[in-house]
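Inside the fold
What follows is the residue order along each chain.
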Amino acid sequence: MPLGSLTEADDAIQEAWLKLARAGSGEVDNLGGWLTTVVGRVCLDMLRSRRLRREDPLEARLPDPIVDSDDRTDPEHQALIGDSVGLALLLVLESLNPAERLAFVLHDMFGMPFEEIAPIMDRTPVAARKLASRARRRVQGAAAVPDPDPATQRRVVDAFLTAARGGDLTALLAILAPGVTLRADGGKAFPGGMRILSGAETVAGQLATFHRMATISTTRPALVNGTAGLVNTVGDELVSIMSFTIAHEKIVAIDILSDPDRLAAYRRN
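All of these numbers come straight from a predicted model, not from anything done at the bench. (Residues numbered from 1 in each chain as written. Predicted model: local features only at pLDDT ≥ 70, side-chain atom pairs only at ≥ 80, totals over all residues. Heavy atoms only, no water.)

A closer look at the side chain of Asn225
Inspection of the secondary structure puts Asn225 in the loop between strand 4 (218-224) and strand 5 (227-234). For Asn225, a relative accessible area of 5% puts it in the buried group. Engagement of the side chain of Asn225 in a polar contact is seen with the backbone nitrogen of Ile66, the distance being 2.7 Å. (Helix = DSSP H or I, 4+ residues; strand = E, 2+ residues; numbered from the N terminus. Buried < 20%, exposed > 50% of the residue type's maximum accessible area, 1.4 Å probe, protein only. Polar contact = N/O pair within 3.5 Å; in protein donor to acceptor, adjacent residues only side chain to side chain.)

Focus on the sheet that holds strand 4
In space, the seven strands of this open sheet follow the order 1-4-5-6-7-2-3, with mixed pairing throughout. Two strands bound the open sheet, and with one partner strand each, they are strand 1 (67-68) and strand 3 (195-198). Pairing of strand 4 with strand 5, which is carried by seven bridges, proceeds in the antiparallel orientation. Paired with Thr219 across the strands is Asn232, a residue of strand 5. Strands strand 4, strand 5, strand 6 (237-247) and strand 7 (250-257) of the sheet are contacted by helix 8 (residues 150-166), whose axis makes an angle of about 35 degrees with strand 5. (Pairing = 2+ DSSP bridges. Contact = heavy atoms within 4.5 Å. Axes fitted to C-alpha atoms, helices over the stretch in contact; angles between N-to-C directions.)

Concerning the packing of aromatic side chains
Within this structure, the stated rule accounts for two aromatic pairs. Aromatic pair Phe160 and Phe210: ring centres 5.1 Å apart, planes at 70 degrees, arrangement edge-to-face. Placement of Phe160 in helix 8 and of Phe210 in helix 11 (residues 207-216) is noted, with a sequence separation of 50 residues between them. For Phe210, a relative accessible area of 8% translates into the label buried. (Phe/Tyr/Trp six-rings, centres within 6.5 Å; stacked < 30°, edge-to-face > 60°.)

Side note on the pairing of strand 5
Of all eight residues in strand 5, six are buried, a share of seventy percent or more. For strand 5 and strand 6, the ladder comprises six bridges, and the chain directions are antiparallel. Bridge assignment links Leu230 to a residue of strand 6, and that residue is Met242. With antiparallel pairing between neighbouring strands as the criterion, strand 5 and strand 6 make up a hairpin whose turn holds two residues, including Gly235 at a positive phi of roughly 65 degrees.

Notes on helix 7 (residues 125-139)
Taking 1.5 Å per residue, 15 residues should reach 21 Å; helix 7 reaches 21 Å between its end C-alpha atoms and fits that length. Along helix 7, the residues that are buried comprise Ala128, Leu131, Ala132, Ala135 and Val139. End-on, the buried residues of helix 7 take up no more than an arc of 95 degrees, which puts them together on one face. The outward face of helix 7, more than 90 degrees from its buried face, is lined by the exposed residues Val126, Lys130 and Arg137. (Expected span 1.5 Å × (residues − 1). Arc of directions from axis to C-beta.)

A few points about the nonpolar core
Looking at soluble globular proteins, one finds that nonpolar side chains tend to be buried together. Ranked by size, the top nonpolar core spans 27 residues in total, and within it Phe160, Leu176, Phe244, Ile251 and Ile254 carry the most contacts. Top element by residues in this core is helix 8. It accounts for six residues. Sequence-distant contacts of Phe160, that is, excluding residues within four places in its chain, are made with Leu172, Ile175, Phe210, Met242, Phe244, Ile251 and Ile254. Counting 13 residues, the second-largest nonpolar core is a separate cluster that includes Ala103, Met112, Ile117 and Met121. (Core = buried A, V, L, I, M, F, W, Y, C linked by side-chain atoms within 4.5 Å.)

Observations regarding the packing of helix 6 (residues 114-121) against helix 7
Geometrically, a packed helix pair is captured by the angle between its two axes and the distance between the axes. Packing of helix 6 against helix 7 leaves a shortest axis separation of 8 Å and a crossing angle of 95 degrees. When the axes of helix 6 and helix 7 are compared, the pair comes out roughly perpendicular. Contacts from Phe114, Glu115, Ile117, Ala118 and Met121 of helix 6 reach helix 7 at Pro125, Ala128, Arg129, Leu131 and Ala132. Among the residues forming the contact of helix 6 with helix 7, the class breakdown is eight nonpolar, no polar and two charged. (Parallel < 35°, antiparallel > 145°, perpendicular 65-115°, else oblique. Nonpolar A, V, L, I, M, F, W, Y, C, P; charged D, E, K, R; others polar.)

Geometry only, nothing functional implied.
This is the structure:
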């Protein structure tokens, strides 16, 4: 998701379909290629416009997570999960400039050749390759590669939930990586953007908060951007979505979206 926003992604797709309606599908020889090109250009325009408007940088907020049930095991669904983009990587993508970001996403995530990417960006294939390469160098090492096994991910997240419910500091520290990062996006509750904490001891220091939320809310397992996560409700109210990045059977990142305004979109779905 190059835009990091479900609403803007929907807007980009709708704009592409409107352009197709005006052009007439009968005039398009390669519909898939045409739509890819148009959506790519619309996304690039949106990213550039966002910078020109000098909006608050997206690194000050979590990208919109994609939430799905984790009880489906059909091969197509598992393949989709394997291609999902974790929140940690999305946050790294936010640091790239628009051209780098689009070149990297189209080539490294969607496998498009640079000969097809170049006209989307009005660049030569060589220039598009350089943009993707520069982006790749910035991405590598910046986001941990999660454990690919869903069972391992879920086991570690279940251990986190058990430690939180029991208020067990020792158990919590046992599953946190030394350099774990906690990003909490509460919207207006956090003036200036996300609250970010780093280090196992510091994150474990939030145990009282984890314990309170784990005991007052109803928690269900979910897939958040393709990896093991949790959805928390109090009564009928969605209060938070939690995403975990698991590497080497340790939690290296916890992302919590609790912004009521943004969670409203999930309540409607």
